[in-house]
Structures are given as structure tokens and as C-alpha cells.
2 protein chains.
Amino acid sequence: MARPSTREQIIAAAVDTLHRKGFNGTSVQDITEAAQVPKGSFYNHFESKELLAVEALERYWQRVLDGLSGLGDEKTPAVDRLRRYFQYLNEVTRQGDYQTGCMIGNMSAEMPDQSRPVRERLAVLLAAWSRAIESCVKEAQADGALRRDMDARTIAAFLLNSWEGAMMRAKVDKDATALTAFEIVAFGTLLT
Amino acid sequence: MARPSTREQIIAAAVDTLHRKGFNGTSVQDITEAAQVPKGSFYNHFESKELLAVEALERYWQRVLDGLSGLGDEKTPAVDRLRRYFQYLNEVTRQGDYQTGCMIGNMSAEMPDQSRPVRERLAVLLAAWSRAIESCVKEAQADGALRRDMDARTIAAFLLNSWEGAMMRAKVDKDATALTAFEIVAFGTLLT
């Protein structure tokens, strides 16, 4: 296998470090040390930590997309796909001992008023994430499994944002209570 | 009026600065500059930025408590108090142009794995916040205005966490969409 390029090593290290420590909690040196590349090489590849953060978000988003792939599996009823998707997210969180949380959520709390490029990227990613959920909500509504008195777009945004909020609380409490409350109330009230 | 003590000036400046810029985005110097006190005076009053953050959270919590006072107003039906409470939080956010967000939410995203004292304080404050909402949910359930097939504690935690998630999204999108979706779905599905 080809050796990953310095640029690649920096991006991979940035995803991990920014996810764990946040943008302001991470220095360029933290990233180059984690990437095991000379500190001086950073600015050959990236203009700023801010623009690297945008690329790291994009990379993290690829993982989110992998997780989202199950939402399109047409052999399973849409409402089950939807529930299993959030159960899967919660299971990942549980297995990670409620550490680090969602990188997109963390950056959404920390960065919108500090960096326009990061905020704009977050808005695009969250919109795409909402849309993926929305298609599945629409199908579940068409199946009659999910209530139809609210539009799919509103429900999808609500589910994603509520899950992000539950994840944040789980990080504080270091237990599953918030994630369980999300599953119970969100699905208990939306199912027909 | 007596001149505020240096300690007081530092705490007030810390609430504002930590709220806007986060823990890692704020230096001790940022705080002492905002407080207009000599940098050297900081450690006469606080052992660390971390322990000051705990005090700043406590101070911020007093504002949350002020907002919560309406939840106890027994002249208004409990379900209306509950809705108005979240409408009030959303209105405050809107008036602040979706900047800064909730300091408790921001710290919950940033700090749980970086500071045990901050995490423990957040857990206590979020539990108290949930409990205040829970009493009102219980009353609304007793009135028959809110569904009773889920316990008040679970509903209350869900409402608070979902609102925090919506707030985070509103900061990214810089509009009311997420807050409106929260009001529509959370209340639309929980009301009987």
C-alpha cells in the first residue's frame, strides 16, 4: 500500500484531534504531532487551521454518510430503518463511553460565531443530513407508519436536532438516559 | 452603589466571554481585559480558569432560573406555561440574532471530557433544569393536556435536550427554522 501523503496524514489526525478536543482546544502543533509530520510542513498544505477544520468536517461527513446508507435499504419498512438508524447512532455513542460526541454537533456549538467557513460548511452538512432523514420520513408517512399532520422536512430537522441535543446531554451525564428518552419520546409520539 | 469587587468583575466578565468564545477560545487575559482588572490579580481570586468557569456557569444559571420562574405561575394552565417558556427561550435567541446560544449547552458540547469539575457542574444544572420542567409537565399531564403514556421525567429531559439541539442548529443556520420545528413537533405530538 502506498504511504499516505503528508496532507492525508494531517487531515486524518485533524479529524481525530478536532473531534476530541474541539477547534480552540487544538493547536496546529497538536495536529502535526498526532500526524507525526514536522510542524513546519503544515502551512505547505493548509492555509490555516480554520480551513483544515473545514476539510476535517468533510472527512467526518463521509463516516456519517456510511451510517446513513442503511436509510435507503428498501427491503426494510421506512419507519424501521429510521428507528434503527437512531438506535445505531446511540449504540455507537454507548460503545464510545459517551466521549467526544458528534463532531458536527461539537463544532456547531463552538464555531458558528468564530468562523464563517466552518459555519457555512456545517450548514451544508446538516442540511444534507436532514434531507437524508427527510426522504425516509416521507416514505414512512406514505406507508402510514408516521404521522402526516406535520411535514417531513420539519420532522426530519426535529429528529436530527433533537438527537444532537440528546447526544450533548449524554456526554455530560455519561449514561444512556438522554438517548433513551430521545428514542422513547421522539418515536413514541411520531408513530401512528 | 458600592463598586463591584475585583472578584465580582472577573466573574461577570467570565460569564460574558466564556459564553461568547467558549472555554478553550478564552484566555485568562481575555477575561481580565474584559473585567478591566490587572492580569496578575486573577490568581489572587481564582485557582484556575477551570474553577472560574464553574462559578461562571453558576452565575449564568441564575439567569436561567429567572426565566424558569414563569413555569410556577399557577394562574396559567401548566401546558400554556410550558409552551410559553420555550417560546420565550426562542424569542430571546431570535432577538440575539442566533449568536452565542446557551452557555450551558455550549459548555456541554465542549467540556465534558476536558474538565471533571465543569462536567459535574453541568450535570447538576441540567438535572435541576430538567426537574423544573418536569414539575410543569406533571401538572399538564394531571390536567389531561399532555399525553400520559410516557413519564414526566422522560418528557422533561427530552424537551430540554431537544431544545438545546435546536438552539445549536439555529446558531449554524442563523434563522428560526430549527426553533420553530421544535415548537411544532415537540408540542404538536405531546399535546393530547
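That block above? That's the structure.
Owing to the predicted nature of the structure, the values given are computational and were not obtained by experimental measurement.

Participant: What exactly am I supposed to notice about the overall build of chain A here?
Facilitator: Each helix and strand in chain A was counted, giving 9 helices and 0 strands. In sequence order, chain A lays out its α and β elements as α-α-α-α-α-α-α-α-α. Taken along its principal axes, the extent of the C-alpha atoms in chain A is 60 × 35 × 35 Å. For chain A, with 192 residues in total, the buried portion stands at 54%. When contacts within chain A are restricted to residue pairs at least 6 apart in sequence, long-range pairs at least 24 apart make up 66% of them. Carbon and sulfur atoms form 47% of the exposed surface of chain A, whose accessible area is close to 8,500 Å². Across chain A, 24 positive and 26 negative side-chain charges occur, with their mean positions spaced 1 Å apart.

Participant: Before we go on, may I ask you to explain the layout of surface pockets in this structure?
Facilitator: To find leftover empty space, one rolls a probe the size of a water molecule over the atoms. Residue and element names in this part refer to chain A. In this structure, the largest pocket occupies an estimated 390 Å³ of space. H19, Y60, L89, V92 and G101 are the residues nearest the centre of the largest pocket, which is lined by 19 residues in total. The leading source of residues in the lining of the largest pocket is helix α5 (residues 78-95), at 5 residues.

Participant: Sorry, what's going on with the relation of the copies chain B and chain A here?
Facilitator: One copy of the chain maps onto the other through a rotation about an axis followed by a shift along the same axis. With an RMSD of 0.0 Å, the operation that places chain B on chain A is a rotation of 180° combined with a shift of 0.0 Å along the axis. Each copy turns onto its partner about a two-fold axis.

Participant: Explanation requested: the side chain of S48(A) in the structure shown.
Facilitator: All names here are of chain A. Looking at the element boundaries, S48 is found in the loop between α3 (42-45) and α4 (49-68). With a relative accessible area of 19%, S48 lands in the buried category. In contact with S48, not counting residues within four places along its chain, are F42 and Y43.

Participant: How should the packing of α4(A) against helix α6 (residues 103-110) of chain A be read in this particular structure?
Facilitator: What describes two packed helices is the angle between their axes and the distance between those same axes. All names here are of chain A. It is the contact of α4 with α6, at a shortest axis distance of 10 Å, that shows an interaxial angle of 140°. Classified by the angle between their axes, α4 and α6 sit oblique to one another. Judged by residue contacts, A56, L57, Y60, W61 and V64 of α4 engage M103, I104 and M107 from α6. For the contact of α4 with α6, the per-class residue count stands at 8 nonpolar, no polar and no charged.

Participant: Whenever I open this one, unusual backbone geometry confuses me. Can you help?
Facilitator: What you tend to see is this: most non-glycine residues have negative phi, and most peptide bonds are trans. Unlike most non-glycine residues, K174(A) shows phi in positive territory, near 55°. Note on placement: K174(A) falls in the loop between α8 (152-173) and α9 (177-190). For K174(A), a relative accessible area of 23% corresponds to the partly exposed category. Positive phi, close to 55°, is recorded for D97(B), a residue that is not glycine. Mapping D97(B) onto the fold places it in the loop between α5 (78-95) and α6 (103-110). According to the relative accessible area criterion, D97(B) is exposed, its value standing at 52%.

Participant: Please clarify how the interface of chain B and chain A should be interpreted in this entry.
Facilitator: One frequent convention defines the size of an interface as the accessible area lost when the parts assemble. With 48 residues of chain B in contact, the opposing surface of chain A contributes 47 residues. In this assembly, chain B packs against chain A so that about 3,700 Å² is buried in total across both faces, 65% of it on carbon and sulfur atoms. Applying the counting criterion to the chain B and chain A interface returns 2 salt bridges. Of the charged contacts in the structure, one is a salt bridge between D113(A) and K174(B), with a shortest N-O distance of 2.5 Å. In this structure, the connection of chain B to chain A is made through 20 residue pairs in polar contact (both at pLDDT 80 or more). For the side of chain B that touches chain A, the elements supplying multiple residues, two or more each, are α1 (6-21), α6, α7 (116-142), α8 (152-173) and α9 (177-190) of chain B. Take the side of chain B that touches chain A: its biggest share by element is 15 residues, from α8(B).

Participant: Which parts of the structure should I look at to understand the pattern of salt bridges?
Facilitator: In a structure, side chains of opposite charge can pair up when their charged atoms sit close to one another. Residues and elements named next belong to chain A. Taken as a whole, this structure holds 24 salt bridges over all chains when the rule is applied. Notably, a salt bridge pairs R81 with E139, separated by 3.0 Å at the nearest N-O pair. Residue R81 is found in helix α5, and its partner E139 is found in helix α7 (residues 116-142); the two are separated by 58 residues along the sequence. With its nearest N and O atoms 2.8 Å apart, the salt bridge here joins E120 to R116. Residue E120 and its partner R116 are both found in helix α7; the two are separated by 4 residues, about one turn of the helix. On the basis of relative accessible area, E120 is assigned to the partly exposed category, the value being 35%.

Participant: What is the right way to look at the nonpolar core in this model?
Facilitator: Across soluble globular proteins, nonpolar side chains have a tendency to be buried as a group. Core analysis: the biggest nonpolar cluster contains 130 residues, and I104(A), W129(A), I133(A), I104(B), W129(B) and I133(B) have the highest contact counts within it. Beyond its immediate chain neighbours, meaning those up to four positions away, I133(A) contacts L71(A), L82(A), F86(A), A156(A), L159(A) and L160(A).

Participant: Which parts of the structure should I look at to understand α7(B)?
Facilitator: Owing to its 3.6 residues per turn, the α-helix brings residues three or four apart onto one side. Residue and element names in this part refer to chain B. The terminal C-alpha atoms of α7, which comprises 27 residues, lie 38 Å apart, in line with the 39 Å expected from a rise of 1.5 Å per residue. Backbone nitrogen of V118 and a side-chain oxygen of the N-cap are separated by 3.1 Å at the start of α7; the cap is S115. A positive backbone phi angle near 80° is found at G144, which sits one or two residues after α7.

Rules used throughout
Residues numbered from 1 in each chain as written. Chains lettered and ligands numbered in written order. Predicted model: local features only at pLDDT ≥ 70, side-chain atom pairs only at ≥ 80, totals over all residues. Heavy atoms only, no water. Helix = DSSP H or I, 4+ residues; strand = E, 2+ residues; numbered from the N terminus. Buried < 20%, exposed > 50% of the residue type's maximum accessible area, 1.4 Å probe, protein only. Contact = heavy atoms within 4.5 Å. Areas by Shrake-Rupley, 256 points an atom, 1.4 Å probe, with all protein chains shown as cover. Lys, Arg positive; Asp, Glu negative; His and termini not counted. Charge placed at Lys NZ, Arg CZ, Asp CG, Glu CD. 1 Å grid on protein atoms, 1.4 Å probe; cavity = no way out; pocket = protein on both sides within 12 Å on 5 of 7 lines; lining within 4 Å. Points joined across faces, edges and corners; volume = space filled by probe spheres on them. Least-squares fit on C-alpha atoms with pLDDT ≥ 70 in both. Axes fitted to C-alpha atoms, helices over the stretch in contact; angles between N-to-C directions. Parallel < 35°, antiparallel > 145°, perpendicular 65-115°, else oblique. Nonpolar A, V, L, I, M, F, W, Y, C, P; charged D, E, K, R; others polar. Buried area = accessible area lost by both parts, 1.4 Å probe. Salt bridge = Lys/Arg side-chain N within 4 Å of Asp/Glu carboxyl O. Polar contact = N/O pair within 3.5 Å; in protein donor to acceptor, adjacent residues only side chain to side chain. Core = buried A, V, L, I, M, F, W, Y, C linked by side-chain atoms within 4.5 Å. Expected span 1.5 Å × (residues − 1).

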